[in-house]
Amino acid sequence: MHRFVLPYLWPIITGLLLAALLLFAFPERLPNPFQQTPPASVETQPSLVSTSSEQPANRPPPEIRQAEPLTRNQGPASYSNAVNQAAPAVVNIYSSRIVERDQHPLMSDPFFQQFFSGDDATTHQRMLSSLGSGVIVSQDGYVLTNHHVISGADQIQVALRDGRETLAEVVGTDPESDLAVLRIDLDNLPVIELTNSEDVAVGDVALAIGNPFGVGQTVTMGIISATGRSHLGLNAYEDFIQTDAAINPGNSGGALVNPDGALVGINTAIFSRSGGSQGIGFAIPANLAHSILNELVTQGRVIRGWLGIEAQALSRELAASFGLRTPQGVIVAGVVNEGPAAKAGLQPGDVLLSIDGQAILDARATMSDIASIPPGTSLPLTIVRSGERMEMTLEVGERPVPDNATLSERQSGS
């Protein structure tokens, strides 16, 4: 078999050797598989995408709006001047009250009481104490603090930064704003300055001064995180300044001040899941605190306007059921007997659209606006009843003081 194949292999082998010799002698003749030849028409067709740095011909450069350079004022390296200005006017408040200890029901029976001595019979009473802070706002000795700091207290003791201590009397309290005014009788009192809280802006530096956990006067720093906070469920009337300055139990009633040491607000509450500061604290603005201070000192109470209704927010579904295109206004869910609304003829189920020509967009904001109206003022109302728009006039009454003010649950400072 090899004898028949061998004559045919020699020509093949010889051809392969000759081809290899030619390629070795002339390598430039070998084609490059990675070289791409552009089509002949590429020079006559315009390019859709240009990667060069040159601008396309006959086109102006784009107009880019250049922002002005930021201007920043250099902040102080220390806030000790502000602290020295404000801290002496911030006081520690220690309140105490006597409560009845739980006892066995038989102890109330005179027959069994004869078997116990007089001392044993009175051991069911015990003393509860709490701590907080306050701010001296006048040389007359008036001190602003929170209502919940001194609520139910039988004795209130105030300790100044200079070491002086004295008992305080309660001038007045306003549970619905959680403010209270105390008075102390001491000479040469340090007084804090009040700023216009309307000028407070988000981003301003803020210092919180108080007595957290009873460790003593402490200063923390942060910024104003927000203003006009409401719908938090803390008070009936809410217009809080929010800050991330650390506020802890014991800070309630203390001062929130600006870098000049002026009072911005009264620290009131914190939002916390652990009970400690999580960077969300709330203060009552200085303007509101000042207004309530004046009313409590001059009148002994805060006088607010009152309609005598229970209002419910109007959802889109409810608005549609009343034939309204937009959820504007509030539903009168209840009417207080012999109250201003009842005397004017308002009924449960009415939709209150506007008061004194002002459309109602937010129920809580409207309640705050009504509170600022003097009692006795006549207000025109626009309502919808049974699908018909009606006009009526209501005489504003004075909001009654709650007998037992029940403040909403909060993570407060004391």
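Summary of the structure given here. Being a predicted model, the structure only gives us computed values, none of them experimental.

1. Considering the packing of aromatic side chains
- One pass over the structure, following the stated rule, counts one aromatic pair.
- With a centroid separation of 5.8 Å and 50° between ring planes, the pair formed by Phe240 and Phe282 is classed as tilted. With Phe240 in strand E10 (residues 240-243) and Phe282 in strand E13 (residues 281-285), this residue pair connects regions lying 42 residues apart in the sequence. This pair shows no difference in class: Phe240 is buried, exactly as Phe282 is.
- The cationic tip of Arg183 hangs over the ring face of Tyr142; the distance from NZ or CZ to the ring centre is 5.7 Å.

2. Things to note about helix H6 (residues 286-299)
- With 14 residues, H6 extends 20 Å between its outermost C-alpha atoms, agreeing within 8% with the 20 Å of an ideal straight helix rising 1.5 Å per residue.
- By the burial criterion, the buried members of H6 are Ala286, Ala289, Ile292, Leu293, Glu295 and Leu296.
- Tucked inside the fold, the buried residues of H6 contact strand E3 (142-145), strand E6 (169-174), strand E7 (179-183), strand E12 (263-270) and E13.
- Gly300 sits one or two residues past H6 and shows a positive phi near 80°.

3. What to know about the pairing of strand E16 (residues 330-335)
- The sheet contact formed by strand E15 (residues 309-313) and E16 spans five bridges and is antiparallel. Directly across from Ala313, in E16, lies its bridge partner Val330.
- One ladder, built from two bridges, connects E16 with strand E17 (residues 351-355); its direction is antiparallel. Its bridge partner lying in E17, Ile331 is registered against Val351.

4. Some points on the environment of Ala313
- As for its placement among the helices and strands, Ala313 is situated in strand E15.
- Between the alpha carbons of Ala313 and Gln328 there is a distance of 9.1 Å; along the sequence they are 15 residues apart.
- Beyond its immediate chain neighbours, meaning those up to four positions away, Ala313 contacts Leu318 and Ile331.

5. Overview of unusual backbone geometry
- Positioned with a positive phi, Asn188 is a non-glycine residue whose angle comes to about 50°.
- A positive phi angle, near 65°, is found at Glu338, a position not held by glycine.
- Examined against the element boundaries, Glu338 turns out to sit in the loop between E16 and helix H8 (340-344).

6. Focus: the side chain of Glu176
- Here Glu176 lies in the loop between E6 and E7.
- Reaching out from Glu176, the side chain makes a polar contact with the side chain of Arg399 at a distance of 2.7 Å.

7. Remarks on the nonpolar core
- If you look at the biggest cluster of nonpolar residues, it comprises 43 residues, and the most contacted ones within it are Ile93, Ile136, Leu160, Ile184 and Ile192.
- Those residues in contact with Ile192 that lie beyond four places of it in its chain are Ala86, Ala89, Val135, Ile136, Val137, Ala255, Val257, Gly261 and Leu263.
- By size, the runner-up hydrophobic cluster in this structure holds 15 residues, among which are Val330, Ile355, Ile370 and Leu379.

8. Overview of helix H9 (residues 363-371)
- Thr366, Ile370 and Ala371 are the residues of H9 that are buried. The buried residues of H9 all sit within an arc of 140° when viewed along its axis, so they share a single face.
- In this structure, the buried side of H9 is in contact with strand E14 (305-306) and E17.

9. Focus on the environment of Ala180
- Locating Ala180 in the fold gives a position in strand E7.
- On the basis of relative accessibility, which here comes to 0%, the residue Ala180 falls in the buried class.
- Discounting residues that sit within four places of it in the chain, Ala180 has contacts with Val143, Leu144, Thr145, Asn146, His147, Ile150, Gly172 and Thr173.

Basis of the calculations
Residues take numbers from 1 onward in each chain, read along the sequence in its written order. In view of the model being predicted, local features appear only for residues whose pLDDT reaches at least 70, and side-chain atom pairs are presented and counted only at 80 or more, with totals across whole chains, interfaces and linings using the full set of residues. Side-chain descriptors were evaluated using all non-hydrogen atoms of the structure, hydrogens and water having been removed beforehand. Pairing of aromatic rings covers Phe, Tyr and Trp, the last counted by its six-membered ring, and requires centre-to-centre distances within 6.5 Å; plane angles under 30 degrees mean stacked, over 60 mean edge-to-face, and any other angle means tilted. Numbering of helices and strands runs from the N terminus, with a helix taken as a DSSP run of H or I at least four residues long and a strand as a DSSP run of E at least two residues long. Relative accessibility decides the category of a residue: with a 1.4 Å probe and only protein chains considered, values under 20% of the type maximum give buried, values over 50% give exposed, and everything between is partly exposed. Two conditions define a charge located above a ring, namely a distance within 6 Å from the ring centre to NZ of Lys or CZ of Arg, and an angle within 35 degrees of the ring normal. What a helix is expected to span follows from its residue count: subtract one and scale by 1.5 Å. We call two residues in contact when some of their heavy atoms are within 4.5 Å. Two strands form a pair only when DSSP identifies at least two bridges running between them. In protein, a polar contact requires one atom able to donate a hydrogen and another able to accept it; more generally it is a pair of N or O atoms within 3.5 Å, and residues adjacent in sequence count only if both atoms are side-chain atoms. Residues grouped as a nonpolar core are buried Ala, Val, Leu, Ile, Met, Phe, Trp, Tyr and Cys residues, joined through side-chain atoms within 4.5 Å. What the arc covers is the set of directions going from the helix axis to the C-beta atoms.

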